[in-house]
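So you can see what is in the structure, the chains are spelled out below.
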Amino acid sequence: MRRLLLPAILLLSPGIFAQQKNAMQQKAIVLNRFLEKNHYQPLEWNDSASAMLYNKWLEMLDEEKVFFTTPGIQALEPYRYKLDDEIRGSGWNFYNVSVAQYRQRLAKTDSIIKTLLAKPFDLLKPDNLLWPPSNYAANDAEFAQRWQKYLRWRVLDVIYTSKTDDDKNVPAITPAELVKEEATAREKVKKQELSYIKNKQTDLSELEDQYLDCVAWCYDPHSNYMNLKMKKEFQAAVSASEFSTGMDIDENEKGSKVVSFLQPGGSAWRSGQVHAGDEIVKVKVKGVEKDAADMNMGDVAEMMSGGSSEPVEVTLKTTTGEIRTVNLTKEMAADEEEVVKSYLLRAEKNIGYINLPGFYSRETDEQKENFNGCANDLSKEIMKLKKDSITGLIIDLRCNGGGSMWEAMQLAGIFIDIGPVASIRERDGKVHFLKDPSRGTIYDGPLMILVNGASASASEFFAAVMQDYNRALIVGSSTYGKGTAQVVLPMDTTGNAKPGDNTFTDFVKVTEDKFYRINGSTVQWKGVVPDISIPDFFSGDWYKEKANASALKPDNSKQGIYEQLKPLPVSALKAKSEQRLRSDSFQLAMNSAIKYLQENITGTTIQLQWPAYVAQKKKVADMFEKIREDDRKSTLFTVTNNNFDRQKVNASTQQQKDINEAYMDQIRSDRELEEAVNIMIDWRKL
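Residues numbered from 1 in each chain as written. Predicted model: local features only at pLDDT ≥ 70, side-chain atom pairs only at ≥ 80, totals over all residues. Heavy atoms only, no water.

## Some details on the overall build of the protein chain
Assigned secondary structure in the protein chain consists of 19 helices and 22 strands. In the protein chain, buried positions account for 54% of the 686 residues. A total accessible area of about 29900 Å² is found for the protein chain, and carbon and sulfur atoms account for 50% of it. (Helix = DSSP H or I, 4+ residues; strand = E, 2+ residues; numbered from the N terminus. Buried < 20%, exposed > 50% of the residue type's maximum accessible area, 1.4 Å probe, protein only. Areas by Shrake-Rupley, 256 points an atom, 1.4 Å probe, with all protein chains shown as cover.)

## Quick word on helix α16 (residues 610–629)
With 20 residues, α16 should reach 28 Å at 1.5 Å per residue; the first-to-last C-alpha distance of 27 Å fits that figure. Those residues of α16 lying buried are Trp610, Tyr613, Val614, Ala621, Met623, Phe624, Glu625 and Ile627. (Expected span 1.5 Å × (residues − 1).)

## Here we look at the sheet that holds strand β22 (residues 638–641)
Here 7 strands make up an open sheet; going across it, the order is β20-β17-β16-β13-β12-β11-β22 and the pairing mixed. Among the strands making up the open sheet, the edge pair consists of β20 (532–533) and β22. In terms of strand pairing, strand β11 (residues 342–346) meets strand β12 (residues 350–355) through 5 bridges, oriented antiparallel. Note that in β12 the partner of Tyr343 across the bridge is Tyr353. (Pairing = 2+ DSSP bridges.)

## So, the packing of helix α5 (residues 94–116) against helix α7 (residues 175–200)
One way to put it is that α5 packs onto α7 with a least axis distance of 10 Å and a crossing angle of 170°. Here α5 lies roughly antiparallel to α7, going by the angle between them. The interaxial crossing formed by α5 with α7 has left-handed handedness. Across the interface between the two elements, Tyr102, Leu106, Thr109, Asp110, Ile113 and Lys114 of α5 pack against Glu193, Leu194, Ile197 and Lys200 of α7. Looking at the contact of α5 with α7 residue by residue, the classes come out as 5 nonpolar, 1 polar and 4 charged. (Axes fitted to C-alpha atoms, helices over the stretch in contact; angles between N-to-C directions. Parallel < 35°, antiparallel > 145°, perpendicular 65-115°, else oblique. Left-handed = near helix turned anticlockwise from the far one by under 90°. Contact = heavy atoms within 4.5 Å. Nonpolar A, V, L, I, M, F, W, Y, C, P; charged D, E, K, R; others polar.)

## A closer look at the environment of Ile416
With respect to the element layout, Ile416 can be found in the loop between α12 (405–415) and β14 (420–425). Between the C-alpha atoms of Ile416 and Met466, which are 50 residues apart in sequence, the distance is 8.4 Å. What Ile416 contacts, discounting residues up to four positions off in sequence, is Val421, Asp436, Gly440, Thr441, Met466, Tyr469 and Arg471.

## Examining the environment of Arg398
Turning to its location among the elements, Arg398 is positioned in the loop between β13 (393–396) and α12. In this structure, the C-alpha to C-alpha distance between Arg398 and Val475, residues 77 residues apart in sequence, is 10.0 Å. The residues contacting Arg398, other than those within four sequence positions of it, are Tyr353, Leu450, Val451, Asn452, Ser455, Asp670, Glu672 and Leu673. A distance of 2.5 Å separates the side chain of Arg398 from the side chain of Asp670, its partner in a polar contact. Separated by 2.8 Å, the side chains of Arg398 and Glu672 make a polar contact. (Polar contact = N/O pair within 3.5 Å; in protein donor to acceptor, adjacent residues only side chain to side chain.)

## With respect to the pairing of strand β18 (residues 484–490)
Of all 7 residues in β18, 5 are buried, a share of seventy percent or more. Where β18 meets strand β19 (residues 506–516), 7 bridges bridge the pair, whose relative direction is antiparallel. By the bridge assignment for β19, Ala485 is matched with Asp513.

## Some points on the nonpolar core
Membership of the largest hydrophobic core comes to 76 residues, with the highest contact counts inside it found for Trp45, Leu53, Trp147, Leu151 and Tyr211. At 11 residues, the largest contribution of residues to this core is made by helix α6 (residues 140–163). When near neighbours in sequence (up to four residues on either side) are disregarded, Leu53 contacts Trp45, Leu83, Ile87, Tyr211, Cys214, Val215 and Cys218. One finds Val259, Val274, Ile354 and Ala412 within the second-largest nonpolar core, a separate group that totals 68 residues. (Core = buried A, V, L, I, M, F, W, Y, C linked by side-chain atoms within 4.5 Å.)

## Remarks on the pattern of salt bridges
Under the criterion given, the structure shown has 33 salt bridges. Between Asp140 and Arg105 there is a salt bridge, with its nearest N and O atoms 3.3 Å apart. One end of the pair, Asp140, is in helix α6; the other, Arg105, is in helix α5, and 35 residues separate them in sequence. Looking at Asp140, the relative accessible area reads 38%, which means it is partly exposed. Three or more residues are tied together by salt bridges with common partners; here these are Asp396, Arg398, Asp670 and Glu672. (Salt bridge = Lys/Arg side-chain N within 4 Å of Asp/Glu carboxyl O.)

## Thoughts on the packing of helix α2 (residues 47–62) against α5
Packing of α2 against α5 leaves a shortest axis separation of 12 Å and a crossing angle of 25°. It follows that α2 is roughly parallel to α5 by the angle criterion. The handedness of the crossing between α2 and α5 comes out as right-handed. Contacts between α2 and α5 pair Tyr54, Trp57 and Leu61 from the former with Phe94, Tyr95, Ser98, Val99 and Tyr102 from the latter. Along the lines of polarity and charge, the residues of the contact of α2 with α5 split into 7 nonpolar, 1 polar and no charged.

## Description of the confidence of the model for the protein chain
When the pLDDT values of the protein chain are averaged, the result is 87; 88% of them are 70 or greater. Across residues 1–19, confidence stays below pLDDT 50; counting only partners more than four residues off in sequence or on other chains, it has 71 contacts. Note that pLDDT drops below 50 for residues 230–241; the model gives that stretch 27 contacts with residues more than four away or on any other chain. (pLDDT = per-residue confidence, 0-100.)

## What to know about the packing of aromatic side chains
Enumeration over the complete set of coordinates arrives at 23 aromatic pairs. Considering the side-chain rings of Trp45 and Tyr219, the 6.4 Å spacing of their centres and the 65° angle between planes classify their relative orientation as edge-to-face. On the criterion of sequence distance, the pair formed by Trp45 in the loop between α1 (14–38) and α2 and Tyr219 in the loop between α8 (204–217) and β2 (224–227) is long-range, its members being 174 residues apart. In terms of burial, Trp45 and Tyr219 fall into one category: buried. Pairing Trp57 with Tyr95 gives two aromatic rings, centres 5.9 Å apart and planes at 40°, and the pair type is tilted. Of this pair, Trp57 sits in helix α2 while Tyr95 sits in helix α5, and the two are 38 residues apart along the sequence. Taken individually, Trp57 and Tyr95 each receive the classification buried, so the pair is uniform in this respect. Through a chain of ring-to-ring contacts, three or more aromatic side chains come together here, namely Tyr54, Trp57, Tyr79, Trp92, Phe94, Tyr95 and Tyr211. In this structure, Lys56 packs its charged tip against the face of Trp217, placed 4.4 Å from the ring centre. (Phe/Tyr/Trp six-rings, centres within 6.5 Å; stacked < 30°, edge-to-face > 60°. Lys NZ or Arg CZ within 6 Å of the ring centre and 35° of its normal.)

## Some details on the side chain of Asn32
On the secondary structure map, Asn32 appears in helix α1. If we skip the residues at most four places from it in the chain, Asn32 touches Trp45, Ile87 and Tyr219.

What follows is the structure, encoded as structure tokens:
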């Protein structure tokens, strides 16, 4: 949902548009030529591609259909199948016409917001709102009614949020108290929504950048146009010279503050509860709590970093809509040698556990192969675990969005002796097999890989290799489905530019390769299907690669010559796991939540009367609370440091001990991991 919405901007004169027209069209033509030359699967610009660009651009401008009306869209409709001609140089009208109308609608919205929020809402009057709307408002009267309901919802939400703690314990409010709360909340909503409209009224160059990015998106979801002059407003950078929670924060197109990057080894990274894309709702430091919507980027960054070590409580809204409070600590940047940590899960026998949230590399020169990244770090941890006589190893790649493919190759090489690990097919059809970069293995015991729908790219690469060789049991939910590799290049059509060239101001992240499994299939669009399923919030297809209209479709390539290991006892282990999960309270609660998300992904009817709204919110909150309540500490296993690290922890500071204990508590409370341990125990008994 849009968290902010809002003031008018002066319409650009025809003269200004005329000055911009030729320059922007020329840049679009160059971008298209660049992509035709460099993209793995060049797009055929026809009526179908034109419609895809048309839809994407309108989605970029008005994703939730709160600005445009049907008559305005009908005025743009004649361009639906003409944008392919414009990209090839014939005319250039759609962008200018759509932007002019967009700015008019922002001005209209600004006026409507001021008018509607000048009077109080009757929050005890029954009403409802379907969100997001399925169609544009038919006329200005319906447009105003839609905004009236939306703003009423925002006021209700502000009151509800101010009166609850993590969506729990909603106190009773008398009608008189509700009137007072409404007035305060309405002023807050007015400030936020008008600020949002003002932020939407960006200068022409930013809208140009966004349109060019839509052109690149049409080739595939991971190709992007990038301009060095694009504003990177107040992005919170993690510095090695100051204390930080270890996350970068950006502002999305809706004006919300979201997590854009997790620093490997940082507090947020280690917590396992913060993921890229999470929206920051509140931040609490030294007992002072502030709403992220009321702060600018600099204020948010300041609260989460600084020159001293102190706890930070961050309230997040996940991509699934769950409200979650995470306790983090401001720390100095993590020691590079201690990013990956291993733990012992002591059940009937010792099981090793390593969580890897990202495939990082310490090499800055992408053209130079190195052996000093996450694969090397993980190898060291395995050696420590082997000294503790582990009988099985679990590598957790849930919510691992990928990273260095070279590191994924090296990690695969740790577990197989020799052979190909994948193949790359270039745009000319040539297939190159990627081989295990090192002979031998460091661990040949039972291996399990945990994945989910947020495991992408390099994570899928590694999991697929392990599955194809029968080297590991893949457990969790189907992965994201990104089987492509990108490179950032200057937007140059001569072919002379190289990565890192600083003489250009325009760049493109372009998909240049598609990687395939050694059995000839691909993870692209399909993902890696686990051997044993444990559904979670990221199980739905709505979240994944296949949900993008421009996603490259799956196909097959050459099968490599490789020797599979002995088949794993998948059927027997799967049957035992399914039997447990059928009566597991946590999984039953999770299944209910997944069903709710799938049923409401296209739209939800929101109650706009205070008692009904509270009841509706409480029902959803109770659903998530049931999952949290069942997230109790496991009685199946205990968690300890490996013996090597235990000595270091004992000699560390109290803060480091607290961080270590907090992370082990999280492992103890991971119910999906508990089932993974059950599967490993079953495996060892076969």
